[in-house]
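A structural walkthrough
Listed here are the chains, written in short residue letters.
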Amino acid sequence: MPHKGTEDSKVIHIGFDDTDSIAGRCTTNLAFKIVSKLKNETGITFIDYPLLVRLNPNIPWKTRGNGAVCLRIKTNHSAQIIEFLLKILRSESDLLNGANPGLAIFEGELIPFPLRQFSRRAMNDVVKIEEAEKLAAQLSVQIFKYGQGLGVIGAMASIGSLLEGDHTYEAIAYRKDEFLGSPRKLDKSKVSKVDINTYPLTFNCFDKIHDRVLIAPHGPDPVFCGIRGEDPQTVISSLHKVMPMEKLEGYMVFRTNQGTNMHLQNELSQSEISTHRAGYIRCVVTKRPVIIRGGHVMFEVSDCSNKKYPVAVYEPTGLGNIASKLLEGDNIDIGVGVSMNTPHSTNILNVEYLSILKIAKEIVNINPLCDKCGKRMKSEGKNKGFQCKICGDKRDSKISVTNPRDIQLGMFFPYSKAHRHLTKPLHRFGMEKNYPHVPNIIKALHSEWFKRF
Ligand SMILES: [Zn+2]
């Protein structure tokens, strides 16, 4: 783009979302194309990695992963950049297939607090487009929308998300146009090796239990594969180790909230348990589990307000076995997505993780033993007591005994094949890290964070 201005250097934050559709294309790939162009310009400094921010996974009108992208740059020709962004968003979004792209641009060093709050809500609640627009007007965020413009919500939320707390990285490699739609040929043994050799610095590369490669999607989209991990160096070097024969377009490293359980950080109180929300609930089991067809486990809990909720543990999570051993009175924490249980018009809690905090005693009443003979006494009929059939000794009532429980305290997590983008893998507990945002201080990015082959 022509370098017209004598503008002062300023920080601009660029958020976009919903540029893809079920049929293909992908918001992260658009980010790759935009960065590809901006990296060639002079006078542009990236002040953070491109952010890939996964929002509330329970929103049904999302496309695939509900991921929005934010780019933060310092530049002295923002006007031309905005012009370029508008053009590429229009031409590269999958508008014909139902994409509803939104673009948000904010200028300034500091992200206003209300925008950060908005972003927090977009992680676990349903946010309306009107709210995004109203906030944009209040904070002088420039927004642009196409189609129904739903992408404006994610675009705003991605800007407001500084990912100052726990975060991870993903190196995403993109296919050349001529290969789109053809099967991805990845060497399973290389992926498995990377998975083993980089543990615990990568996650969700390979599912050992089901012998499955987890780094590649299967659809027509331009992502060839993505390696998720704790730092840019590890994801880049791991990506190089699984490079396919197929010529790729390039790759880019995103900083993300994937694998952080960010959507489950807030405790849902009674008034917040509404459809499509996410969070965790501390509760007591009030109806013991039943296993239904398909191996899903259903039970009931109540929270501190004594309101009762049905709970579902779906078979693919692998949590059914432990959930089926719960009993009335057990205290648990569950990370949940709330959905509508349509036939009953009630909300149902779908479990994403299960933490057993306190195990209730299982007390059962059984016939007494005879002191002399050691034999179990027989009932003489209702309210008639019990008698030993050998010596004739009598007792009035049953005795209570405590049954041993085949269950332990602890946290239980889904299989990695059932992981959502935001699901925190077990081994990441204790590996949380920070990325403090300090205005006017630009952190150095890894020199290989972006590559075009
Ligand atoms: Zn006896």
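Residues numbered from 1 in each chain as written. Predicted model: local features only at pLDDT ≥ 70, side-chain atom pairs only at ≥ 80, totals over all residues. Heavy atoms only, no water.

The final tally for this structure, using the stated rule, is 29 salt bridges. Its salt-bridge partner being K372, residue D393 comes within 3.3 Å of it at the nearest N-O pair. Linking D393 in the loop between strand 20 (386-387) and strand 21 (394-395) with K372 in the loop between strand 18 (362-366) and strand 19 (378-379), this pair joins segments that are 21 residues apart in sequence. Within the structure, one salt-bridge network assembled from shared partners comprises R121, D125, E131 and R277. (Salt bridge = Lys/Arg side-chain N within 4 Å of Asp/Glu carboxyl O. Helix = DSSP H or I, 4+ residues; strand = E, 2+ residues; numbered from the N terminus.)

Four donors placed tetrahedrally about a metal ideally form angles of 109.5 degrees, and six donors placed octahedrally ideally form angles of 90 or 180 degrees. In the first shell of the zinc ion, the protein supplies C370 (SG), C373 (SG), C388 (SG) and C391 (SG), at 2.2 to 2.4 Å from the metal. Viewed at the metal, the four donor atoms of the zinc ion are separated by angles of 102 to 114 degrees, and the geometry they form is tetrahedral. Mapping the donors of the zinc ion onto the primary sequence yields the spacing C-x2-C-x14-C-x2-C. Taken together, the residues span a long stretch of sequence, with C373 in the loop between strand 18 and strand 19 and C391 in the loop between strand 20 and strand 21 at a distance of 18 residues. Given a relative accessible area of 36%, C391 falls into the partly exposed group. (Donors = N, O, S within 2.8 Å, 3.2 Å for Na, K, Ca; no water. Tetrahedral: all angles 85-135°; square planar, octahedral: opposite > 155°, others 65-115°. Buried < 20%, exposed > 50% of the residue type's maximum accessible area, 1.4 Å probe, protein only.)

In this section: the domain arrangement of the protein. Split by domain assignment, the protein resolves into domain 1 (10-162), domain 2 (265-361 + 405-418) and domain 3 (364-402). Placing a centre on the C-alpha atoms of domain 2 and another on those of domain 3 gives a separation of 39 Å. (Domains from an automatic or database assignment.)

Quick look at the packing of helix 3 (residues 113-124) against helix 4 (residues 129-139) now. Two elements in contact, helix 3 and helix 4, have axes whose closest approach is 11 Å; the angle formed by their N-to-C orientations is 165 degrees. In terms of orientation, helix 3 and helix 4 fall into the roughly antiparallel class. With respect to the hand of their crossing, helix 3 and helix 4 are arranged in left-handed fashion. Two secondary-structure elements touch here, helix 3 through P114, L115, F118 and R121 and helix 4 through E131, A132, L135 and L139. Residues that form the contact of helix 3 with helix 4 fall into these classes: six nonpolar, no polar and two charged. (Axes fitted to C-alpha atoms, helices over the stretch in contact; angles between N-to-C directions. Parallel < 35°, antiparallel > 145°, perpendicular 65-115°, else oblique. Left-handed = near helix turned anticlockwise from the far one by under 90°. Contact = heavy atoms within 4.5 Å. Nonpolar A, V, L, I, M, F, W, Y, C, P; charged D, E, K, R; others polar.)

Okay, the state of the cysteines next. Under the definition given, this model contains zero disulfides. Here C225 stays free of any disulfide, with the sulfur of C205 as its closest cysteine sulfur at 9.2 Å. (Disulfide = S-S within 2.5 Å.)

Our next topic: the sheet that holds strand 20. Spatial strand order, 19-20-21: three strands in an open sheet with antiparallel pairing. The sheet is open, and its two borders are formed by strand 19 and strand 21, each paired with just one other strand. With two bridges joining them, strand 19 and strand 20 adopt antiparallel strand pairing. Residue pairing in the sheet places S379 in a bridge with F386 of strand 20. (Pairing = 2+ DSSP bridges.)

Okay, the layout of surface pockets next. What the second largest pocket holds in volume is close to 520 Å³. In this structure, the second largest pocket is lined by 23 residues; those nearest its centre are N204, S416, H419, P425 and H427. Sorting the residues of the lining of the second largest pocket by element identifies helix 6 (188-198), strand 8 (202-203), strand 9 (206-207) and strand 23 (410-412) as the ones contributing at least two each. (1 Å grid on protein atoms, 1.4 Å probe; cavity = no way out; pocket = protein on both sides within 12 Å on 5 of 7 lines; lining within 4 Å. Points joined across faces, edges and corners; volume = space filled by probe spheres on them.)

This part covers the side chain of R184. Relative to the elements of secondary structure, R184 occurs in the loop between strand 7 (168-175) and helix 6. Residue R184 is classed as buried on the basis of its relative accessible area, which comes to 15%. At 3.0 Å, the side chain of R184 forms a polar contact with the backbone oxygen of G219. Other than its neighbours up to four places away in sequence, R184 contacts R175, A216, P217, H218, G219, D221, V223 and F224. (Polar contact = N/O pair within 3.5 Å; in protein donor to acceptor, adjacent residues only side chain to side chain.)

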